[in-house]
Amino acid sequence: MFTVMEMVQPKTVEEAYEILTKRKNNQVIGGSAWLRMGSKRIGTAVELSQLGLDYIKDSGDYIEIGAMTTFRSLETSKLLEENFGSIIKDSVKDIIGVQFRNVVTIGGTIFSKFGFSDLIVALLALECEVKLVKNGKLALREFLNKEYEKDLLTKIYIKKNNVKASYKSLRNAQSDYALLNVSVSKFEDKVKIYVGARPQIATLAIKASEFLSNNELTDENIEKAAFMVSEELTFGTNMRATKEYRSLMSKVLVKRALMEVR
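### Concerning the pairing of strand β7 (residues 136–139)
Inference 1: Two elements, strand β6 (residues 128–132) and β7, share four bridges in a ladder whose sense is antiparallel. Counterpart to Glu-129 in the pairing with β7 is Ala-139.
Inference 2: A loop of three residues connects β6 with β7, the two strands running antiparallel in sequence.

### Section: the side chain of Ser-166
Inference 1: Tracing the backbone through its elements, the reader meets Ser-166 in strand β9 (residues 164–171).
Inference 2: At 2.9 Å, the side chain of Ser-166 and the side chain of Glu-260 are in polar contact.
Inference 3: Look past the residues within four positions of Ser-166 in its chain and what remains in contact with it is Ile-87, Val-182, Ser-183, Val-184, Ala-257, Glu-260 and Val-261.

### Observations regarding the nonpolar core
Inference 1: If you look at the biggest cluster of nonpolar residues, it comprises 40 residues, and the most contacted ones within it are Ile-88, Ile-110, Leu-123 and Ile-156.
Inference 2: For this core, the element with the most residues is helix α7 (residues 118–125), which contributes seven residues.
Inference 3: If sequence neighbours within four positions are ignored, Ile-156 has contacts with Ile-63, Glu-64, Ile-65, Ile-106, Ile-110, Leu-123, Cys-128, Glu-129 and Val-130.
Inference 4: Counting residues in hydrophobic clusters, the runner-up holds 26 residues, among them Val-229, Phe-235, Ala-241 and Val-254.

### Quick look at the packing of helix α10 (residues 219–232) against helix α11 (residues 243–261)
Inference 1: At a minimum axis separation of 8 Å, α10 and α11 run at an interaxial angle of 140 degrees. Regarding the angle of α10 to α11, the classification is oblique. α10 and α11 meet at a crossing whose hand is right-handed. Here Ile-222, Glu-223, Ala-225, Ala-226, Phe-227, Val-229 and Ser-230 of α10 come into contact with α11, specifically with Ser-247, Ser-250, Lys-251, Val-254, Lys-255, Leu-258 and Met-259.
Inference 2: Within the contact of α10 with α11, the residues separate by chemical class into eight nonpolar, three polar and three charged.

### Observations regarding the sheet that holds strand β12 (residues 203–204)
Inference 1: The strand order β9-β10-β11-β12 describes an open sheet built from four strands, whose pairing is antiparallel. Each edge of the open sheet carries a strand with a single partner, namely β9 and β12.
Inference 2: Examined bridge by bridge, strand β11 (residues 190–196) and β12 share two bridges and lie antiparallel to one another. Its bridge partner lying in β12, Tyr-194 is registered against Leu-204.

### A word on the side chain of Ser-91
Inference 1: If you trace the backbone, Ser-91 turns up in helix α4 (residues 87–92).
Inference 2: A polar atom in the side chain of Ser-91 sits 2.8 Å from the backbone oxygen of Ile-88.
Inference 3: The residues contacting Ser-91, other than those within four sequence positions of it, are Asp-118, Leu-119, Ala-122 and Tyr-167.

### Quick notes on the sheet that holds β7
Inference 1: Spatially, the five strands line up as an open sheet ordered β4-β5-β8-β6-β7, and their pairing is antiparallel. Each of the sheet's edge strands pairs with one partner strand only, and the pair in question is β4 (56–58) and β7. Going across the sheet, the axis of each strand differs from the next one's by a mean of 25 degrees, ignoring polarity.

### Side note on the pairing of strand β10 (residues 178–187)
Inference 1: Of all ten residues making up β10, eight are buried, and the element is well covered by its neighbours.
Inference 2: Here eight bridges tie β9 to β10, and the two strands are oriented antiparallel to one another. Looking at β10, one finds that Ser-166 is bridged to Val-184.
Inference 3: Of the strand pairs in this sheet, β10 and β11 are connected by seven bridges, and their pairing is antiparallel. Looking at β11, one finds that Ser-183 is bridged to Tyr-194.
Inference 4: Here β10 folds back onto β11, and the loop between the two strands holds two residues, one of which, Glu-188, carries a positive phi near 60 degrees.

Rules and cut-offs
Residues numbered from 1 in each chain as written. Predicted model: local features only at pLDDT ≥ 70, side-chain atom pairs only at ≥ 80, totals over all residues. Heavy atoms only, no water. Pairing = 2+ DSSP bridges. Helix = DSSP H or I, 4+ residues; strand = E, 2+ residues; numbered from the N terminus. Polar contact = N/O pair within 3.5 Å; in protein donor to acceptor, adjacent residues only side chain to side chain. Contact = heavy atoms within 4.5 Å. Core = buried A, V, L, I, M, F, W, Y, C linked by side-chain atoms within 4.5 Å. Buried < 20%, exposed > 50% of the residue type's maximum accessible area, 1.4 Å probe, protein only. Axes fitted to C-alpha atoms, helices over the stretch in contact; angles between N-to-C directions. Parallel < 35°, antiparallel > 145°, perpendicular 65-115°, else oblique. Left-handed = near helix turned anticlockwise from the far one by under 90°. Nonpolar A, V, L, I, M, F, W, Y, C, P; charged D, E, K, R; others polar.

Quick look at the structure:
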């Protein structure tokens, strides 16, 4: 468990950011689900429930989601399903249990850049951007590749562009962490393939994506692209799976996701 010396509930985003950056061991408290898994001493815990960041709303060209929105809200949102199909729901519905999904927030998950994250790999397949107090608006992929810097994530934006997208994962048990997860999107002629839980953070399979963006989604090309993914990405070994197994299974998940998008 973590230890908190002091807790504050700021009324504005600016106040929250000021307190957060005042000392090195000050930290944001969202749902605190992931914090409970480790042991940490926090000077001032910045609790964000007073900032009105729990929402999913249509803002014209984008769907806007506040950082305090829970996984359960993502799972049950009709607005998200109407605009993006089932990809977001599919990426969160098997995470541990409903009680956990009622607590864990989208902001904490994205800002922590968890390599095992199911949601991150799904959001990468969509035109997703994050909004931070210090660094402003960034593409999610750009944010994930940046070095860690203390900042406050307030919301994300997902562009409404009729993208076709699919999410697939492999688990030892339905509510377990993913051994591997994959998302695929197709917008006009552009195809993108992302693979996460390698166990590193989700990344774009550049060569395979470019190949399919320049060729038709035939059975033969899908097979070739799935093999290219297993060759170009780096896979690792941990207590859940070996790198060889992850590499082998990436071909299966990528193929299934591509066929669904097609």
